[in-house]
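# Topology and contacts: notes
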Amino acid sequence: MKLAPGTPQCLSVLCLWVAAHLSISQEEDGTEVAVPDAREACARWMAGVPGSPGPDGVAGRDGKDGQQGEKGDAGDPGVPGASGEPGESGAQGPAGLRGFPGLPGLPGDTGESSFAYRSAFSVALTKPTTSTNTPLHLDKTFYNEQRHYDDLSGKFRCRIPGIYYFTYHLTVQGSEARIALYRNSRPLSLTKDQFQGGDLDQASGTTVLSLRSGDEVWLELYGYGEAERDAGVYSDIYTDSTFSGFLLHPAIDTNLPLNSM
């Protein structure tokens with residue numbers, strides 16, 4: 001029996017044994033023994049080189065649904081969605097309980113005040129006078145810080161336009177006295193005291209005036225005939241004849257600086 005070159009030793013032995021066994025069996029049966037080709041017998045027992053994979057088969061049908069599995073773990077929160085459109089305003093609810101008072105606020109800035117504009121005076125006579133139809137010169141000063149009363153002329157000169165209050169209290173000596181309060185050479189308030197005998201008498205008056213800057217106000221004795229000769233205002237260390245006035249309310253723009261007047 002001739003083997004193919006390069007046949008392994010074990011396979012060669014195996015092939016010879018198979019061939020001998022087949023030959024003996026055929027001789028016992030009386031059949032003709034054919035000498036097999038050693039290459040054919042070995043080829044039947046030896047595996048060949050694997051062939052190339054065939055094409056994929058047709059997909060099978062879907063199987064039946066399986067049983068429901070156990071509930072899984074909760075997943076992570078998703079990304080927040082976009083904000084929705086604002087809804088309509090609801091009805092106003094009932095008033096709540098009153099809260100506690102808040103803390104006091106900080107002090108505000110100092111504002112402009114009418115009290116920043118001052119004008120006032122108070123003067124008196126130092127000796128009796130009988131001069132008529134001329135301003136009374138009251139030369140005793142109680143207050144005249146702004147110097148708006150001129151003791152030389154006996155006149156108050158308005159520097160701050162506004163509403164003013166004037167009052168006078170005069171001690172009268174003689175038969176009678178007529179006292180007039182003047183503004184710019186025009187009498188505005190008249191007082192007549194009819195002396196009825198005795199030592200002294202009193203005459204007084206009060207008025208409120210609206211003045212413009214430059215207006216002048218003063219007191220004056222006026223008379224004619226006997227009244228002019230006998231009229232007189234008295235003053236000594238025991239009694240005073242006074243004239244006073246002060247600004248009630250300025251009639252200017254309070255935002256203007258004081259030095260602009």
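Summary of the structure given here. (Residues numbered from 1 in each chain as written. Predicted model: local features only at pLDDT ≥ 70, side-chain atom pairs only at ≥ 80, totals over all residues. Heavy atoms only, no water.)

Below, the discussion takes up the pattern of salt bridges. Enumeration over the complete set of coordinates arrives at three salt bridges. The shortest N-O distance in the salt bridge between lysine 155 and glutamate 216 comes to 3.7 Å. One end of the pair, lysine 155, is in strand β4 (residues 155-157); the other, glutamate 216, is in strand β9 (residues 216-221), and 61 residues separate them in sequence. For glutamate 216, a relative accessible area of 16% puts it in the buried group. Where salt bridges share partners, they join Lys155, Arg157 and Glu216 into one cluster. (Salt bridge = Lys/Arg side-chain N within 4 Å of Asp/Glu carboxyl O. Helix = DSSP H or I, 4+ residues; strand = E, 2+ residues; numbered from the N terminus. Buried < 20%, exposed > 50% of the residue type's maximum accessible area, 1.4 Å probe, protein only.)

Nonpolar side chains in soluble globular proteins generally cluster together in the buried interior. Core analysis: the biggest nonpolar cluster contains 27 residues, and Phe156, Tyr164, Phe166, Ile179, Leu211, Val217 and Phe243 have the highest contact counts within it. Secondary structure elements with two or more residues in this core: β1 (120-124), β5 (162-172), β6 (176-183), β8 (201-211), β9 and β11 (242-250). In terms of residue count, the dominant contributor to this core is β5 (five residues). If sequence neighbours within four positions are ignored, valine 217 has contacts with Lys155, Phe156, Phe166, Leu181, Tyr182, Arg183, Leu209, Leu211 and Phe243. (Core = buried A, V, L, I, M, F, W, Y, C linked by side-chain atoms within 4.5 Å. Contact = heavy atoms within 4.5 Å.)

Here we come to the pairing of β5. Both faces of the sheet carry side chains from a regular strand, because those side chains alternate between them. Counting buried residues in β5 gives eight out of 11 residues, a clear majority hidden from the surface. Pairing analysis gives 11 bridges linking β5 to β8, with the strands arranged antiparallel. Within β8, the residue paired with threonine 167 across the bridge is threonine 206. Bridge analysis of β5 against β11 gives eight bridges, and the strand direction is antiparallel. What sits directly across from phenylalanine 166, in β11, is glycine 245. Where β5 meets strand β10 (residues 233-234), two bridges bridge the pair, whose relative direction is antiparallel. Among the inter-strand pairings, valine 172 is bridged to a residue of β10, identified as valine 233. (Pairing = 2+ DSSP bridges.)

A separate point is the sheet that holds β6. Strand order across the open sheet formed by five strands is β3-β4-β9-β6-β7, with antiparallel pairing between neighbours. The open sheet terminates on both sides in strands that have one partner only, identified here as β3 (149-150) and β7 (186-194). Taken together, the two bridges between β3 and β4 define a ladder with antiparallel strand orientation. Looking at the pairing, aspartate 150 lines up with lysine 155 of β4.

Assignment of secondary structure puts threonine 126 in the loop between β1 and β2 (140-143). Threonine 126 sits in the partly exposed class, given a relative accessible area of 43%. Sequence separation between threonine 126 and serine 235 is 109 residues, and the spatial gap between their C-alpha atoms is 6.2 Å. A polar contact of 2.8 Å, which involves the side chain of threonine 126, links it to the side chain of aspartate 139. (Polar contact = N/O pair within 3.5 Å; in protein donor to acceptor, adjacent residues only side chain to side chain.)

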